[in-house]
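# Tertiary structure, described
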Amino acid sequence: MAAGEFNKTALKELQLRMEEKWHEKVKNRDYNPDLATAKVIKEQQTATVKEIEDESLDRQVSVNWVDFCQDNSDDTVTDDDSCDIVATEPESKSKLEEIDTFVQDSFKVNEEKFRGNFIKMEEAIAVALLGVERNLINKLNKKLAAKLLTFGGVNQYAGAGTIGTNVGGYTEIPAADFTAEGFFPYLQQAGVMNKFSSLLVLDGGNLFQDNYRSRKFLGNDDGKAAASMYGDLTYRNDLFGFNANAMQDVTIVLDPGSIAFGSKARFPETPREIKNPSVTRYSVPSNYIPGLRYDVTYKMECINGKIWHSWNYKIRTGLWLNPIRCNENITGVLLFKKKAAA
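So, here is what we can say about the structure in this document. (Residues numbered from 1 in each chain as written. Predicted model: local features only at pLDDT ≥ 70, side-chain atom pairs only at ≥ 80, totals over all residues. Heavy atoms only, no water.)

### Some thoughts on unusual backbone geometry
The backbone phi angle of A246 is positive, close to 55°, even though this residue is not glycine. Tracing the backbone shows A246 in the loop between α8 (239-244) and β9 (250-254). Here A246 falls in the exposed class, since its relative accessible area comes to 59%. Look at N304: it is not a glycine, yet its phi comes out positive at around 55°. Mapped onto the fold, N304 is located in the loop between β13 (293-303) and β14 (306-321). With relative accessibility at 75%, the residue N304 sits in the exposed group. (Helix = DSSP H or I, 4+ residues; strand = E, 2+ residues; numbered from the N terminus. Buried < 20%, exposed > 50% of the residue type's maximum accessible area, 1.4 Å probe, protein only.)

### Observations concerning the pattern of salt bridges
It is possible for side chains of opposite charge to pair when their charged atoms get near one another. The final tally for this structure, using the stated rule, is 6 salt bridges. One salt bridge connects R115 with E112, and the closest N-O pair in it is separated by 3.7 Å. Close ionic contact of K299 with E301 constitutes a salt bridge, the shortest N to O distance being 3.7 Å. (Salt bridge = Lys/Arg side-chain N within 4 Å of Asp/Glu carboxyl O.)

### Focus on the nonpolar core
By size, the foremost hydrophobic cluster in this structure holds 42 residues, and its most contacted members are L148, I252, L254, I289, Y294, W311 and Y313. Considering each element in turn, this core owes the most residues, 10 residues, to helix α4 (residues 121-148). The contact partners of I252, leaving out residues within four places of it in the chain, are L148, L149, L200, V201, L202, F242, M247, V333, L334 and L335. (Core = buried A, V, L, I, M, F, W, Y, C linked by side-chain atoms within 4.5 Å. Contact = heavy atoms within 4.5 Å.)

### Quick look at the side chain of T331
Tracing the sequence through the fold places T331 in the loop between β14 and β15 (333-339). In this structure T331 comes out as buried when scored by relative accessible area, which is 15%. A polar side-chain atom of T331 sits 2.9 Å from the main-chain carbonyl oxygen of F151. Polar contacts involving the side chain of T331 include one to the main-chain amide nitrogen of G153, which spans 3.2 Å. (Polar contact = N/O pair within 3.5 Å; in protein donor to acceptor, adjacent residues only side chain to side chain.)

### Things to note about the environment of N237
Note that N237 resides in strand β8 (residues 234-237). Each C-alpha atom of the pair N237 and N206 lies 8.8 Å from the other, and the pair is 31 residues apart in sequence. When sequence neighbours within four positions are dropped, the list of residues in contact with N237 reads A36, L202, D203 and F208.

### Regarding the side chain of T162
Relative to the elements of secondary structure, T162 occurs in the loop between α4 and β5 (165-167). Setting aside residues up to four positions removed in sequence, T162 forms contacts with Y157 and Y186.

### Considerations on the packing of helix α3 (residues 36-44) against α4
Contact geometry of α3 with α4 gives a least axis separation of 7 Å together with a crossing angle of 60°. As summarised for this structure, α3 and α4 are arranged oblique, according to the angle between their axes. You can see that α3 and α4 cross each other, and the crossing is left-handed. Contacts between α3 and α4 pair A36, T37, A38 and I41 from the former with N141, L144, A145 and L148 from the latter. For the contact of α3 with α4, a count of residues per class yields 6 nonpolar, 2 polar and no charged. (Axes fitted to C-alpha atoms, helices over the stretch in contact; angles between N-to-C directions. Parallel < 35°, antiparallel > 145°, perpendicular 65-115°, else oblique. Left-handed = near helix turned anticlockwise from the far one by under 90°. Nonpolar A, V, L, I, M, F, W, Y, C, P; charged D, E, K, R; others polar.)

### What to know about the sheet that holds β9
Across the sheet, 6 strands lie side by side as β5-β6-β15-β9-β7-β8; this open sheet has mixed pairing. Sheet topology places β5 and β8 at the edges, where each strand pairs with a single neighbour. Between one strand and the next, the sheet's axes are offset by a mean angle of 30°, whatever the strand orientation. In the sheet, strand β6 (residues 170-174) pairs with β15 via 4 bridges, with the strands oriented parallel. Counterpart to I173 in the pairing with β15 is K338. (Pairing = 2+ DSSP bridges.)

### What to know about the environment of L200
Take L200: it is sitting in strand β7 (residues 200-203). Looking at L200, the relative accessible area reads 3%, which means it is buried. Expressed as a C-alpha distance, the spacing of L200 and R236, which sit 36 residues apart in the sequence, is 7.7 Å. Non-local contacts of L200, meaning those with residues more than four positions away in its chain, are made with V40, Q44, T234, I252, V253, L254 and P256.

### What to know about α3
Along α3, the positions that sit buried rather than exposed are T37, A38, V40, I41 and Q44. Axial view of α3: buried residues confined to an arc of 160°, hence all on one face. (Arc of directions from axis to C-beta.)

### With respect to the pairing of β13
Sheet analysis places strand β12 (residues 278-285) next to β13, joined by 6 bridges and oriented antiparallel. Looking across to β13, one finds that P285 is bridged to R293. Linking β13 to β14, which pair antiparallel, is a turn of 2 residues; within it N304 sits at a positive phi near 55°.

### A few points about the packing of aromatic side chains
This model, assessed by the stated rule, comprises 11 aromatic pairs. Judged by centre distance (5.2 Å) and plane angle (10°), the ring pair of F107 and W311 falls under stacked. In this pair, F107 is assigned in strand β4 (residues 101-110) and W311 in strand β14, connecting sequence segments 204 residues apart. A single burial state applies to F107 and to W311, both of which are buried. (Phe/Tyr/Trp six-rings, centres within 6.5 Å; stacked < 30°, edge-to-face > 60°.)

See the structure below:
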């Protein structure tokens, strides 16, 4: 990138440099973000999220779910048949949702420091961009894990006769029962009672070691049951995201399709220079989360005779609960907490 020049060609060169660094496995270890919760959220999503081309709705997107909650069944009919069919079409419902989660990170380089330096400025910038994306995704993942806690519904299968007790928005499970053989039979029935179509289990480590043991004991006759129970659902863990929110003792169970994630980029793909002050704005795609784009602001300025290049990367996202579930008392998200032994 020539001094004083920043255009679409220069941007592509920087992106290529970054991708080269991204694929270098040894260095990549230091720049890999922790995004297990974000991956689960994208994995289970069935809703579509569309940007709205309306300046008055700059921070909103349209979230669309398919709904067939209506009941048109009739038990008063006779044995006679009719060629006339009065039917109802499933509705595709949409709701405007607010983009309300923002994360940004910045860096700058001094052009003069790279005169005669064997590390080219473009290479240093590419490595810095890797670090920025790592930081952004780590922070976003932490925020998404915390947001999931706000979506917890009331467990319809807890209390007398069960191993679960509803306390303060969570269903507490005794620590001794937090294994496949202790927890999952109960969870299967809880899924039925809460009208879950399937079970996606995400935690901060409650079941991590039990899951590991179940895979190792699979070859033993007395160890196949636990592994089989893990096969009846989808289990994921996010040790870092949950730990960052002090959620290590929490297990979240999702009914896939219950939540939706979306983002909105405000800047164009092609760099646009703005003269007052002199900055360039553009957007680039995330290497880790499909559909996510970063809004980027670039600035070159002279400070005390030195040329500085500065970048700011920003994420604008939202996470929403399905607003049209057929049973308003069931959100599709259940929160379980490991109750420490007395």
